[in-house]
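A look at the structure
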Amino acid sequence: AIFSDITKVNDPNVEGVTLKYRTPRLFAEIGGDMTGYTGVDRRESFMIYTAGNYNFLEWLSAGWDGAYTHVGGSHIKVTRVDMAMINPFLKVDFSRKYGFEELSLKAGALASYQHDHYIDSESHFPIAAEGIFTAKKWGLGLENTVQISKDAAISKARAEQDIAIA
């Protein structure tokens, strides 16, 4: 469970929870985080996230990352934002064959739903493809990420998701 030091005194409730399931071939998790409560200058905000990975073979796996974020507005900040992102991927790892700690290529799709109810009355659905090459040996590593996008907003949304999950 995730606790906030500030609310431990004033509101000693659980702020979030993560459920995980693991077998030798499968890892899956889902969680939620209440990032804000209704108050004078704010409304509710929360995030629901999920991730998983299944190893088909020693060198081949598939998985996903995803998140849904909602930020409510208030009479001071007149807005309401919803954003969802899913990242299904396929990963090939050649590390055992070539003696690396990791030598992999990960290819996936990024699909997003974005809606700022105050700025724009329409929802947006940016999509992208992503490729990640990783090489690690002797504690040193190189990682190269390439994203091809129909909409530049996907990169910003992906960065916000990475920050929020970390």
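In this text, all values refer to a predicted model and were calculated from it rather than measured experimentally.

**A closer look at the overall build of the chain**
When helices and strands are counted, the chain shows three helices and eight strands. Moving toward the C terminus, one meets the helices and strands of the chain in the order α-β-β-β-β-β-α-β-β-β-α. Across the 166 residues of the chain, 30% fall into the buried class. Sequence separation of 24 or more characterises 41% of the internal contacts of the chain that already satisfy a separation of 6 or more. Put simply, the chain shows about 10,800 Å² of open surface, and 62% of that area lies on carbon and sulfur atoms.

**As for the pairing of strand E3 (residues 45–57)**
Note on strand geometry: in a regular strand, side chains alternate between the two faces of the sheet. Note: E3 against strand E4 (residues 60–72), 12 bridges, orientation antiparallel. Following the sheet pairing, Ile 48 is matched in E4 by Tyr 68. Taking the residues between adjacent antiparallel strands as the criterion, E3 and E4 are bridged by two residues.

**Describing a nonpolar patch on the surface**
A cluster of nonpolar side chains, namely Tyr 54, Phe 56, Leu 57, Trp 59 and Leu 90, defines an oily patch on the protein surface of about 480 Å² accessible area. As for its position among the elements, Tyr 54 is in strand E3. Look at Tyr 54 and you get partly exposed, because its relative accessible area is 30%.

Thresholds applied
Residues numbered from 1 in each chain as written. Predicted model: local features only at pLDDT ≥ 70, side-chain atom pairs only at ≥ 80, totals over all residues. Heavy atoms only, no water. Helix = DSSP H or I, 4+ residues; strand = E, 2+ residues; numbered from the N terminus. Buried < 20%, exposed > 50% of the residue type's maximum accessible area, 1.4 Å probe, protein only. Contact = heavy atoms within 4.5 Å. Areas by Shrake-Rupley, 256 points an atom, 1.4 Å probe, with all protein chains shown as cover. Pairing = 2+ DSSP bridges. Patch = residues over 30% accessible without salt bridge, like charges linked within 9 Å, V, L, I, M, F, W, Y side chains within 5 Å. Salt bridge = Lys/Arg side-chain N within 4 Å of Asp/Glu carboxyl O.

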